[in-house]
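# Observations on the model geometry
Listed below, chain by chain, are the residues.
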Amino acid sequence: MRDGRALRVALAEDSVLLREGLTGLLQRCGHEVVAAVGDAEALVAEVREREPDIVVTDVRMPPGFQDEGLHAAVRLRAERPALPVLVLSQYVQHRYASDLLDSGNGTGIGYLLKDRVGRIEEFVTALSEVADGGTVVDPEVVRQLLRRRRDPLERLSPREREVLALMAEGRSNGAIARALVVSEAAVGKHVGGILAKLDLPPAGETHRRVLAVLAFLRA
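Per an unreviewed UniProt entry, the protein goes by Two-component system response regulator and derives from Streptomyces griseoflavus Tu4000.

Sheet analysis places strand E1 (residues 8-12) next to strand E2 (residues 32-37), joined by five bridges and oriented parallel. Paired with Ala 12 across the bridge in E2 is Val 37. At this point the chain moves from E1, through helix H1 (residues 16-28), to the parallel E2, and the crossover so formed is right-handed.

This part takes up the environment of His 31. When you line up the elements, His 31 lands in the loop between H1 and E2. In sequence terms His 31 and Ser 15 are 16 residues apart; their C-alpha atoms lie 21 Å from each other. Polar side-chain contacts of His 31 include one of 3.1 Å to the backbone nitrogen of Leu 7.

This part covers helix H7 (residues 158-168). Within the sequence span of H7, burial applies to Glu 160, Val 163, Leu 164, Leu 166 and Met 167. Along the axis of H7, the buried positions cluster into a sector of 160 degrees, meaning they face one direction only. Phi turns positive, to about 85 degrees, at Gly 170, one or two residues after H7.

Our next topic: the sheet that holds E2. As a general point, the strands of a sheet are linked pairwise by backbone hydrogen bonds and lie either parallel or antiparallel. One open sheet accounts for six strands, arranged E2-E1-E3-E4-E5-E6; its pairing is parallel. At either end of the open sheet lies a strand with only one pairing partner, and these are E2 and strand E6 (135-137). Between one strand and the next, the sheet's axes are offset by a mean angle of 15 degrees, whatever the strand orientation. Bridge count for E1 against strand E3 (residues 54-57) is four bridges, and the pairing is parallel. Within E3, the residue paired with Val 9 across the bridge is Ile 54. Sitting on the sheet, helix H4 (residues 94-102) touches strand E4 (85-89), strand E5 (109-113) and E6, and the angle it makes with E5 is about 145 degrees.

What follows covers the UniProt feature "modified residue: 4-aspartylphosphate" (unreviewed entry) in the protein. The residues that UniProt annotates with the feature "modified residue: 4-aspartylphosphate" (unreviewed entry) are Asp 58. Its location among the elements puts Asp 58 in the loop between E3 and helix H3 (68-79). Leave out the neighbours within four places in its chain, and Asp 58 touches Ala 12, Glu 13, Asp 14, Gly 69, Leu 70, Leu 88, Ser 89, Gln 90 and Lys 114. For Asp 58, the side chain forms a polar contact with the side chain of Ser 89, separated by 3.2 Å.

Attention shifts here to the nonpolar core. In terms of nonpolar packing, the biggest core is built from 29 residues, with Leu 43, Leu 70, Val 85, Leu 100 and Tyr 111 touching the most fellow members. Counting residues per element, the ones that place at least two in this core are E1, E2, helix H2 (40-50), H3, E4, H4, E5 and helix H6 (139-150). In contact with Val 85, other than residues within four places in its own chain, are Ile 54, Val 55, Thr 57, Ala 73, Arg 77, Leu 100, Gly 108, Ile 109, Gly 110 and Val 130.

About the cut-offs
- Residues numbered from 1 in each chain as written.
- Predicted model: local features only at pLDDT ≥ 70, side-chain atom pairs only at ≥ 80, totals over all residues.
- Heavy atoms only, no water.
- Pairing = 2+ DSSP bridges.
- Helix = DSSP H or I, 4+ residues; strand = E, 2+ residues; numbered from the N terminus.
- Right-handed = clockwise from strand over helix to strand, strands pointing away.
- Polar contact = N/O pair within 3.5 Å; in protein donor to acceptor, adjacent residues only side chain to side chain.
- Buried < 20%, exposed > 50% of the residue type's maximum accessible area, 1.4 Å probe, protein only.
- Arc of directions from axis to C-beta.
- Axes fitted to C-alpha atoms, helices over the stretch in contact; angles between N-to-C directions.
- Contact = heavy atoms within 4.5 Å.
- UniProt positions renumbered as here; feature names shortened; annotations may be inferred.
- Core = buried A, V, L, I, M, F, W, Y, C linked by side-chain atoms within 4.5 Å.

What follows is the structure, encoded as structure tokens:
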């Protein structure tokens, strides 16, 4: 508890079992769960209405199971920079993680990996520290973010780098296939791998192929 008082928590987790489990855990620790939702839009609406002391959210939630929860957290911090947010996920989502960690001068932020939380006390302590304005980030999250910032292309295989270099020349999949003497289907598979490794999920308002080329040129 913060200053001997219970925290009012808004919780977002698409897994019903995990959501109910976290709700029970928080209540047993003396905190009040003012909202427990399964998607990002509901989280945003509940936080705006209930003004909790802290938000606990997963990253991948409906409808796309990409980065909806993390994106919602970034939106909420933009509206209320002092709002403490604790991300609890299985994944390090690079697309918005840096934005979240940079928001609000980096205070009141936590990012923990579910599989690496070894004891309940660790989670409860992290919740209180983040609510008090502290920063609690799993070392693995830091490692992955720093690695990506050094070179976003280092996760690509040599063949994927070749394909991306040809994409940067403006070649179609067919032209790339002819240049590398492989099938067009193989090129399509490599392109899919490139987009996934560069954390470029499907998005209606962006052209992922162009974004991949921009990443190549920047590196």
